[in-house]
Structures are given as C-alpha cells and as structure tokens.
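Survey of secondary and tertiary structure
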Amino acid sequence: MNASLPQVTFMRTTLQRCGWLLLLVVSASSALANPSDKQPQAALDVHGQQFSPELLDVAQKLADKNRTALEKFDGLVKANKALKIDGVELGTAYVNSLRLRRAADQLIMLGEPAGVDFGFRAGEQSQAAQRYVLTLKAVPQAAQGVGLMRSKASQVAQLRQKQLPKLQKLIERQDWDTAERELHEVLDEIEVFAIFMQADERVSIFAPWQDASRAIALALETNRKAAALKAFDDRIAATKPDLAKLLADVSAAASSLKKADKHAIADKMLTGPELVAHFDAAWQKAQVAAIKTLALEWARSTRTDTAPTASWTQWRADYDKFAASFGPALKALISADAARVSAADAPALYQAYLPAVADLVDHSAGALASTLQPALDELVAKSPELTANVKAYRAITDDLLRWRERIAAEQAQAIAKDFHAAEAKTHAAFQRSGDSTGFFEAEPMKTAKARLTETAAKTLLTGSPKLVGQKIVIADVCALGGASQAGIARFHDRLYARTTLPTAALTEEVAALETQLMVTPVQPPLSLLATRAVRGARRGDLVQCGGAVSGIFLEGHVTRFATLPDAAATLVALGQLPADYVERDQLEQVALRLDVQPSWVQQRYLFFKLPAP
Amino acid sequence: MNGSETLLFEILMTTYLCRSFALIGLVIAATGCSDKVVEQVQQTATQVKESVTNSVDSAQTGVKEQLKMVGSSEMTMDGTAAGAVKTPSCYAVFTPATGERGSVLLLQSYRAAEKEAFPSFYVHALVTGASLAELVGQTVPAQMFVKPTADGPTWYTTPAAAVQLKITAFENQQVTAEIVGGTLARTDGSTTTNATGKFVAVLP
C-alpha cells in the first residue's frame, strides 16, 4: 500500500493539471446507485476513485436539475401555457445540458461508462430545450420576449469580448485549465440568451472565440488522453496480482510437505488441508484482481487506437496459463503430502482434505474434480483399511447420488416448462426493434452483446415492464456465504442474477440427504462426491432456480468487473475470466442484473418447491 | 435379446405350436377323415406334445438357472399408466456396518451404473444386521427409484414417506424381498401411487 501512495499523489497532481475538476461546484457526493427498473434515472456507477465520483456527482445533479426544469416546461406547453416559460430559465437549462455534456466527456475520458449515459442524457436534454425555444418562437405573443433575449445575447457577447486578450495570454502561457474555465464561463453566459438567436446570428457572436476554443480543446484533449493512459497504467500496475509468486508459494509448500506435515506461510504453520484452503482463498483473491485488471484493460483500450490492445491480450494469456498450472500445482501439493504420510495417519489426513478440496472444486464449478481426485486416491491407497472403507462408502452413495441428481433434474425440468429461460426473456424485453430502444440487436437472439444506444432510463422504462414479474429460470447459483442469504447466478452473456436462498426451508431436505449419505457430526462423508453434495446443500448452492423477476439493474460492463468485490468472487468460476468483447465501444457495453423471487429451487441432489407467498 | 428373454421366447413358441397341433386334430375329426388318418394325426400330435412338454420343462429349468444368475423384479404402481414394471435382472448389494456407519442393502436392476438399461430401479435401505441372513424377516424403510423408460419420468419415494421393504428370504446367494407399503411420486408431479413389488435378487 505504501508503495502505491506516491503513484496516487502523482495521478491526482497530473490529472488536476489537466483540469479534470474544472467543472463547477463540487459538493458532497450524493448517494448513487446503478439505474434500475425502480430508479431508472440513477447514474451508472463509476470504477475510478480519483475524480470520477466528483464528476459523477456533478453530472447527476445537472441531469436531475435539468430534468426537473424540462418537465416543468413540458407541463406548461401541454397546458397551453408556453408563454409562462421563463426565457432565462430555459436558456440556463440549455447551458446546463452543455455542461452535462462536458462532464460526460470527462467521465468518458476517465474510462467511465457512466459518461456514455450522461452523454445521451445531455443530447436528449439539449434537444428538448431547443424544442421549447422553437415552441416559444412560434407563439406570436412571445416575439417580444424572444427579441429581448437575442438583444441580451449580443450585449453580453460584446461586453465579454474584452476578455479575449486575457484568454489569449493564458493560451500563450499554455495555462490550459484556466483558459478552458474562463472560456466556458464566457460562452455559457452568452449561450443562456444566444439559444434564442437564429443560426447565422449565433455563428457571428461566437466567431471571436472559435480559434481560442479549438486551441484549448486540442491541447486538453492531448493532455487528458496522456494523463488518462498514465492513470490507467498506474491503476493496472497496482491491481495486477503477482501470479508467479502464488505459483512459487504452492511449489514451496509442496516441497515442504514431502518432508513434514506442515509448511510455514503468512506467519502460520499450516497442514496440507489448511494449505489447500489457504491457496483456494488466495486464488480467489488473485482472480478478482485479475478480473479487475482485465476490466481496466478494456477501459484503457478506449484511450488507444486499438482493441484489444497488446497488454490486454497478454494479460488474458498470462492468466489462462496461470490457471492451467495452478490446479496441477495444488494436486502436486496433495500428492506430496500423500507420499509422506503413514498408513496409520492417512485416514485422518484424507478426511481433513475432503472439505478443503470439495470447496475448491466447487469454486471452479467442478472443473478441478478430475485434477484433484487422483491425489486423493493416492492418499487413500496409503491405507488398505481406508481403501476398503472408501470403496464400500462409494458403493452405497455414488449411485444413490446419481438417482437423486436424476430426479431433481426431472422435477425441475417438469416445472420449468412454465418458466422462460432468463436469456431469452431478457433479450425479448430489451431488443431493439423498429423505433423501440434496447440493449440488444434483434438478431441474434442472444444477450452476449449489450450496449447503450440511448439513455439507460429510456431503455429501462421501455423494456422493464416486459420483464418484471415474468417467471424465469436462472442457473448456476452460488451462495454468497457468511451472514448473507443471497445466491448469485454466475455471470454469463452479460447477465447475472441475485436471489434469496431458501436455506431455512431446505433444512429438512438437506438433513434427509445427510441421513441417506450416513453423515453425522462425527462421521463426515468419505468421498469427494458426497462431501461436495453435503457442503453444497448446506451452503444452498443451486443448479437452477425458477421465480419471478422482481428487479432489474443496469451496470457498465467495465465497471461491473473493475469494481468486483472479493466477496463476489463466485460471479465467475475459479480459473476463468469473463468473456472479452473485442470492440472499441467498451464504455457503451453494459451488463444486467436480475433480482429473482424464487418459487422453486433445484440443488444438485434435491428439488424443492416453495410454498406460495 | 438377452439370455432370459431368449428363454421366455422359446417357452411362448413351444406353447403356441402345441396348441396349433391340437387344433389341427380337432379340424380333421370334424371334417370326417378316415380312422387311419386320424390315428396318424393323433400319434403325431402326441409326439409333438411330448416334445413340446420336454422343451417347456427344459426352458423352464433354463429360466430358473438364469434367474439364479441375474434375478428378477416386478413392481406395480397402482392405478397409473406405468402399471407393472418388470426387469429381467435384479442384484443385491449388502454393505456391512463400518465404524459408526450402519449396514446398507441395495437392490438394483443393473450390475453397474454404466450398464443401466430401462426399465431400471434402485432401492436403498439403511438396515440393522451384520449379514444378509440376519435381515431375513425384517421390514425396513427404503428409498426407491423406478424409471420405466429412458426418456420418461422417474417414480421415487420422498424422504418423508419411504417404502417398507420386507426381506423374506436369503438362500443360495439369492435375496427375496417385497414392498409391503409406501407410496411413490412421479417426477413430473402428476401423481402419486401405492407401490408394490417383489424382488428376487442375486449377489453380483
């Protein structure tokens, strides 16, 4: 952490030099959340810690203020009271939409998807303001007022021309931040009135500022792009996990276990099973950091001319290589322990490994089972008695689990006929068709590419009613764990879901499973399959779940993963990174979270239909 | 066709032939043929009957031998479309208690899961006893799964309503048991039914 402090300071200094905070009145951040069906006007969250929150706050306040003003104008027009629209208020709303555009552009420069949404909002609001100006101009009784506004625009423009030499001096000194601030102040003051002018009049009064405006914009664009890239590089360097060290730590632990039953790591002496749990947690943490790094690479690519960038491609390749090595490295650790342990100690060691290995395998969505089972078999083979016991236990539980899995799947299949696949229903609700806005192209009928083409609010208001309340099926639900009762359906094709796990309602079913597997507090399961069955059932993990959609949340694709908390590591199975979307419009890309109220759940080995609420 | 199915087919065919010859005899008598002809026919029919009887005896012995090798089962789901389910093989697996874990008796229609054919069933009972012989006469709760066809629904016991399995005999490496109570539910949720069943299971 200490090492990163100078970087942060530098970043702030560098960015400040480039005028990121030129904008306005920065007040305390208001509470923000992603847009949802219930709060469609909320802002998309930001991932950057420097400047992004302040910019977001400014943009949100401008957008809200303007929306209120525009709604008021709309009400007056609809009530045939257009003459009651205050010209200065309307001009100010238009200027605020321009300010919103500037904030949006800066957010985009920082790699924030929120900037894209605010850009759309700025466009929508400035168009609306211009429409009301046209409405007023069309009312004969408003002609005098409109004329006054135009005169005022000319007066202000003439008065402000005195500031042009000062602005030119600032440009000569390359004090771009101050120059931009001064320029915007002048232009905004004129624009409040100039919006009522004819096009040729506008060209005329803004002409004196045009050269200065271009020079300032060009210089700041270059500086800000360089500063943004530098900031991304610094953040990526600070976020990127040390994968080589993690691999080296596992190898060192495996070497130790060849000679002793414990290995020192993080100031603790850990047994083999404790080491597996330790490295499982370390891998999850490293994977979250790897995902954040990838998301920052996605955002960084928007400040370059290519997608994917070389560093983005390289990072994915590095992580894939690491993930392919880490499972076998953990297998080698267990094998080393198995080679050392005596026949007498093998049963206890095997029993201690089972829960640690089961959890690790489940974190990988089962992918590591075939890698790690052979190491457990080696341990079992050390003791003839253990070999016989495990063989007998598997003979009476493997096939039972197979039948239980079969009936749970069949029960779910039967009830799922009345439910929709989450992907299909979401696509149907949010596809673009005709003049309808949406996140997805009409074809293919998939959710793998979701992007903003309009304001998030407009799209949510159009699509949400088609999805909320619909009965859908979500799959691959992992318990968040801890005190939370929440389960998260793993991210797939831009969708993930959150549900409440009915763990209390499943108590009897889980107890019956344990009885059939002959599991008691003193007699844990004796196979990896049964251990996974019991631990997964207790956690509440689900193969799938059916229920009504109770909420829809929109998130920036970049932001979702750049801000992934460690507790949400299960969103992506261990050993994997989220799919790339190799295009240049990374910031327009979005993801959807659906909240689902469950009416039935399918665990791997049991099915349960919840009583109607 | 497997071994036991071949034997059953032979039984059916010989029974059919026997009935056919008897019918020919009746037809000849009715149409007024000469005594000699009738005598010849009757003689032939007698020979055929003896031959058929021998074949049936032989086939039945074969079936019995076959049963000793693979066992058999018959289950009914009362009042349902599935009706009776028969499997041409039935195996018993007894695992005695180890440590804190009790004994388990399994009855299943297949020797190994990877060789499962349909109809198929699986019965899993936690039992008290150190050997199969000790189980005779016991009635124990059991979990039962029956899948009549590969692509149809499965019948199963809910954990709260296990079927009652009575072990009636164990001799010559063969376990005989029957379901004496309990209900089965179908995975499509359409119905539940009383279950009955008889098992002649061999040790694999």
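Nothing here was measured: the structure is a model prediction, and the numbers come from that model.

**Observations regarding the overall build of chain A**
- Assigned secondary structure in chain A consists of 19 helices and nine strands.
- Along the longest, intermediate and shortest principal axes, the C-alpha atoms of chain A span 100 × 55 × 40 Å.
- Out of the 613 residues belonging to chain A, those deemed buried represent 54%.
- By sequence separation, contacts in chain A at least 24 residues apart represent 77% of the contacts at least 6 residues apart.
- Counting only carbon and sulfur atoms, one obtains 55% of the accessible surface of chain A, whose full area is about 26500 Å².
- Across chain A, the centroid of the 71 positively charged side chains sits 2 Å from that of the 68 negatively charged ones.

**What about the interface of chain A and chain B?**
- Contacts between chain A and chain B engage 26 residues on the former and 28 residues on the latter.
- Counting each side, the surface lost to burial between chain A and chain B is near 2100 Å², with a carbon and sulfur contribution of 62%.
- Across the contact surface, chain A and chain B share three salt bridges.
- The shortest N-O distance in the salt bridge between B:Glu116 and A:Arg402 comes to 2.8 Å.
- The interface formed by chain A and chain B holds 13 residue pairs in polar contact (both at pLDDT 80 or more) in total.
- Elements with a minimum of two residues in the side of chain A that touches chain B: helix H14 (384-416) and helix H17 (507-516) of chain A.
- The dominant element in the side of chain A that touches chain B, judged by the number of residues it contributes, is H14(A), at 15 residues.
- Looking at the side of chain A that touches chain B, its residues break down into 15 nonpolar, five polar and six charged.

**Comments concerning the packing of aromatic side chains**
Residue and element names in this part refer to chain A.
- Here the structure, examined in full by the defined rule, presents 17 aromatic pairs over all chains.
- Taking 6.1 Å as the distance between ring centres and 85 degrees as the angle between the ring planes, the aromatic pair formed by Trp-298 and Phe-561 counts as edge-to-face. Linking Trp-298 in helix H10 (residues 272-301) with Phe-561 in helix H19 (residues 557-562), this pair joins segments that are 263 residues apart in sequence. Residue Trp-298 shares its accessibility class with Phe-561, and that shared class is buried.
- Connected via pairs of aromatic rings, a cluster forms that spans Phe-279, Trp-283, Tyr-319, Phe-322 and Phe-326.
- It is Arg-494 that lies over the ring of Tyr-581; its NZ or CZ is 5.2 Å from the centre.
- Against the face of Phe-553 rests Arg-593, its NZ or CZ located 4.2 Å from the ring centre.

**Considerations on helix H13 (residues 369-380) of chain A**
Residues and elements named next belong to chain A.
- Under the 1.5 Å per step criterion, the end-to-end length of H13 is 16 Å for 12 residues, consistent within 8% with the ideal 16 Å.
- What H13 keeps buried is the set Ala-369, Leu-372, Ala-375, Leu-376, Leu-379 and Val-380. An end-on view of H13 places all buried positions within 150 degrees of arc, on one side of the element.
- In this fold, the buried residues of H13 make contact with helix H11 (310-340), helix H12 (346-363), H14 and helix H18 (528-539).

**Things to note about unusual backbone geometry**
- With omega at -5 degrees, the peptide bond leading from A:Glu443 into A:Pro444 counts as cis.
- One can find A:Pro444 in the loop between helix H15 (422-430) and helix H16 (456-467).
- Across the junction of B:Phe118 and B:Pro119, the peptide omega takes the value 5 degrees, indicating a cis bond.
- With a phi angle near 60 degrees, A:Asp476 is a residue other than glycine that sits in the positive phi range.
- Here A:Asp476 shows up in strand E4 (residues 471-479).
- The exposure class of A:Asp476 is partly exposed, given its relative accessible area of 35%.

**What to know about the nonpolar core**
All names here are of chain A.
- Of all hydrophobic cores here, the largest spans 145 residues; its most connected members are Phe-279, Trp-283, Leu-333, Tyr-353, Phe-439 and Leu-517.
- Take this core: its biggest share by element is 13 residues, from H10.
- Aside from chain neighbours lying at most four places away, what touches Trp-283 is Leu-246, Tyr-319, Phe-322, Ala-323, Phe-326, Gly-327, Leu-330, Leu-360, Leu-368, Leu-574 and Gly-575.
- One finds Ala-128, Ala-153, Val-156 and Phe-196 within the second-largest nonpolar core, a separate group that totals 44 residues.

**Description of H10(A)**
- Taking 1.5 Å per residue as the helical rise, H10(A) with its 30 residues ought to reach 44 Å, and the 42 Å between its terminal C-alpha atoms agrees with that figure.
- The buried count for H10(A) comes to 23 of 30 residues, which makes it a mostly enclosed element.

About the cut-offs
Along each chain, residue indices are assigned from 1 in the same order as the chain's sequence is written. Numbering of ligands from 1 and lettering of chains from A proceed in the order in which they are written. This being a predicted model, a pLDDT of at least 70 is required before a residue's local features are given, and a value of 80 or more before pairs of side-chain atoms are given or counted; all residues contribute to the totals for chains, interfaces and linings. Values shown for side chains rest on all heavy atoms present in the structure; no hydrogens or waters enter the calculation. Helix numbers and strand numbers start at the N terminus; a helix is a DSSP run of H or I with at least 4 residues, a strand a run of E with at least 2. Think of it in three bands: residues with accessible area under 20% of the maximum for their type are buried, residues over 50% are exposed, and the middle band is partly exposed, with areas taken using a 1.4 Å probe on protein chains only. Contacts are residue-level and defined by heavy atoms, with any inter-residue pair within 4.5 Å sufficient. For the area figures, the Shrake-Rupley method with a 1.4 Å probe applies, and any residue is considered shielded solely by the protein chains shown. Charge convention: Lys and Arg are scored as positive, Asp and Glu as negative, and His as well as the terminal groups of each chain are ignored. Charge positions are represented by NZ for Lys, CZ for Arg, CG for Asp and CD for Glu. Note on terms: buried area is the combined drop in 1.4 Å-probe accessible area of two parts once they are placed together, counting the loss on both. Salt bridge, as applied in this entry: a Lys or Arg side-chain nitrogen positioned within 4 Å of an Asp or Glu carboxyl oxygen. N or O atoms closer than or at 3.5 Å make up a polar contact, with two conditions inside protein: a donor-capable atom paired with an acceptor-capable one, and, for residues adjacent in sequence, both atoms drawn from side chains. Each residue is assigned to one class: nonpolar for Ala, Val, Leu, Ile, Met, Phe, Trp, Tyr, Cys and Pro, charged for Asp, Glu, Lys and Arg, and polar for all the others, Gly among them. Each Phe, Tyr or Trp ring, with Trp reduced to its six-membered ring, pairs with another whose centre is within 6.5 Å; inter-plane angles below 30 degrees give stacked pairs, above 60 give edge-to-face pairs, and intermediate values give tilted ones. For a ring to carry a charge above it, either NZ of a lysine or CZ of an arginine must fall within 6 Å of the ring centroid while also lying within 35 degrees of the normal to the ring plane. Each helix should span, by expectation, one fewer than its residue count multiplied by 1.5 Å. By definition, the arc is the one covered by directions from the helix axis to the C-beta atoms. Side-chain atoms within 4.5 Å are what join buried Ala, Val, Leu, Ile, Met, Phe, Trp, Tyr and Cys residues into a set we call a nonpolar core.

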